[in-house]
Amino acid sequence: MTAVLAGMTLRQLMSRRRTLLLLLLGAVLLLVAVVFRLAGEEARAVPFTSGLLSDLGIGTLMPLVALLFGTGAMGAEIEDGTAVFLLAKPLSRRTIILTKLAVAAACSAALTCGPMLLAGVIAAGGLGDGLVLGLVAGAAIGSVLYCAVFVALSLVTGRALVFGLAYVLIWEGLLATLFAGTHTFSIRQQTLAFAAAIGEIPKTVLDAPLELGTAIVVAAAVLVGATALAIRRLGSYEISGEAA
């Protein structure tokens, strides 16, 4: 039954329109990398690749992809009323949420990390001594965190896409970059901390102000908290589709 649910969720998320949009977003990353490589500025390859993958990849592509997959994993069924059929199945609410989250996170990581890896290899002319692999691995972790938050958000409000976009643009894109005290609670900054540690990237190449230990603790809290909230919210729905 879990495999069937995962397959249904995958087909639902990988709709033609959504997939095309996300592939176009990833293509922008590749286009920039190709243009840089054709410009023949190999001396700037490492700093350029670092900026490209951290700003455009982790800063823009990753949260937008996760937003579309995370809010779509459960939100569409709640909105159109088809969740009643899902909730009537012999599956626990925890199993439903964990399955939906796993599929959304896997799709998000694939459509984020794939373009980032290709763009990084093109721009750096290789793996850049761990730079590319570190940022790609960090993006995979960040995709899971973002998806957990957006799945929970889709069960809290019917306007999850709007609030999620505001969160990405205002909090992650503006406030968390302006004020040092907000770095701890920024998924983007946590992702950069993981990337720097995994790829052993020096601070002169990648600006990751958050300490790894702090990033691990806060990321774990975000993942567990968002998942628990989603399970609790789904558990408040009756078979009739009305919130208890």
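Rules and cut-offs
Residues numbered from 1 in each chain as written. Predicted model: local features only at pLDDT ≥ 70, side-chain atom pairs only at ≥ 80, totals over all residues. Heavy atoms only, no water. Helix = DSSP H or I, 4+ residues; strand = E, 2+ residues; numbered from the N terminus. Buried < 20%, exposed > 50% of the residue type's maximum accessible area, 1.4 Å probe, protein only. Contact = heavy atoms within 4.5 Å. Areas by Shrake-Rupley, 256 points an atom, 1.4 Å probe, with all protein chains shown as cover. Phe/Tyr/Trp six-rings, centres within 6.5 Å; stacked < 30°, edge-to-face > 60°. Core = buried A, V, L, I, M, F, W, Y, C linked by side-chain atoms within 4.5 Å. Expected span 1.5 Å × (residues − 1). Axes fitted to C-alpha atoms, helices over the stretch in contact; angles between N-to-C directions. Parallel < 35°, antiparallel > 145°, perpendicular 65-115°, else oblique. Left-handed = near helix turned anticlockwise from the far one by under 90°. Nonpolar A, V, L, I, M, F, W, Y, C, P; charged D, E, K, R; others polar.

**Student:** So what exactly am I meant to see when it comes to the overall build of the protein chain here?
**Tutor:** A count of helices and strands for the protein chain gives nine helices and zero strands. Starting at the N terminus and walking to the C terminus, you meet the elements of the protein chain as α-α-α-α-α-α-α-α-α. Across the 244 residues of the protein chain, 45% fall into the buried class. For the protein chain, contacts bridging at least 24 residues in sequence account for 74% of all contacts bridging at least 6. Accessible surface computed for the protein chain: about 11,600 Å², of which carbon and sulfur atoms make up 69%.

**Student:** What exactly am I supposed to notice about the packing of aromatic side chains here?
**Tutor:** In this description, an aromatic ring pair is defined by two values, namely the gap between the centres and the angle between the planes. In total, this model carries three aromatic pairs according to the counting rule given. Ring geometry for Tyr146 versus Phe150: centroids 5.7 Å apart, planes at 10°, classification stacked. Linking Tyr146 with Phe150, this pair stays in helix α6 (residues 131-156), spanning four residues, or about one helical turn. Judged by relative accessible area, which is 1%, Tyr146 ranks as buried. Of the residues examined, Phe150 reaches a relative accessible area of 0% and is grouped as buried. Ring geometry for Phe150 versus Tyr167: centroids 6.3 Å apart, planes at 80°, classification edge-to-face. Within this pair, whereas Phe150 is found in helix α6, its partner Tyr167 is found in helix α7 (residues 160-178), the two being separated by 17 residues in sequence. A relative accessible area of 24% places Tyr167 in the partly exposed class. Aromatic ring contacts, followed pair by pair, group Tyr146, Phe150 and Tyr167 into a single cluster.

**Student:** I would appreciate a short explanation of the nonpolar core in the present structure.
**Tutor:** The tendency in soluble globular proteins is for nonpolar side chains to be buried as a group. Core analysis: the biggest nonpolar cluster contains 63 residues, and Phe69, Met116 and Leu135 have the highest contact counts within it. Those elements that provide at least two residues to this core are α1 (2-13), α2 (16-39), α3 (45-80), α5 (93-124), α6, α8 (187-199) and α9 (212-235). In terms of residue count, the dominant contributor to this core is α5 (14 residues).

**Student:** What should I look at first to understand α5 in this one?
**Tutor:** Because the α-helix completes a turn every 3.6 residues, residues three or four places apart line up on one side. Given a rise of 1.5 Å per residue, 32 residues ought to cover 46 Å, and the 45 Å separating the end C-alpha atoms of α5 matches this to within 8%. The first or second residue beyond α5 is Gly125, which carries a positive phi of 70°.

**Student:** Explain the side chain of Thr49 to me, please; I cannot follow it from the model alone.
**Tutor:** For Thr49, the location among the structural elements is in helix α3. For Thr49, a relative accessible area of 0% corresponds to the buried category. Apart from the residues lying within four places of it in its own chain, the contact partners of Thr49 are Gly120, Ala123, Ala124, Leu131 and Val132.

**Student:** Would you mind going over the environment of Leu67 with me for this structure?
**Tutor:** Inspection of the secondary structure puts Leu67 in helix α3. Of the residues examined, Leu67 reaches a relative accessible area of 3% and is grouped as buried. Measuring from C-alpha to C-alpha, the distance between Leu67 and Val168 comes to 8.8 Å, with 101 residues separating the pair along the chain. If we skip the residues at most four places from it in the chain, Leu67 touches Phe150, Ala160, Leu161, Gly164 and Leu165.

**Student:** How should the packing of α6 against α7 be read in this particular structure?
**Tutor:** Each pair of packed helices can be described by the angle between their axes along with the distance between the axes. Interhelical geometry of α6 versus α7 gives an angle of 140° and a closest axis separation of 9 Å. One element, α6, and the other, α7, form an angle in the oblique class. When the axes of α6 and α7 are compared, the crossing they make is right-handed. From α6, Tyr146, Phe150, Leu153 and Ser154 reach across to α7, where they touch Ala160, Phe163, Gly164, Tyr167, Val168 and Glu172. By residue class, the composition of the contact of α6 with α7 is seven nonpolar, two polar and one charged.

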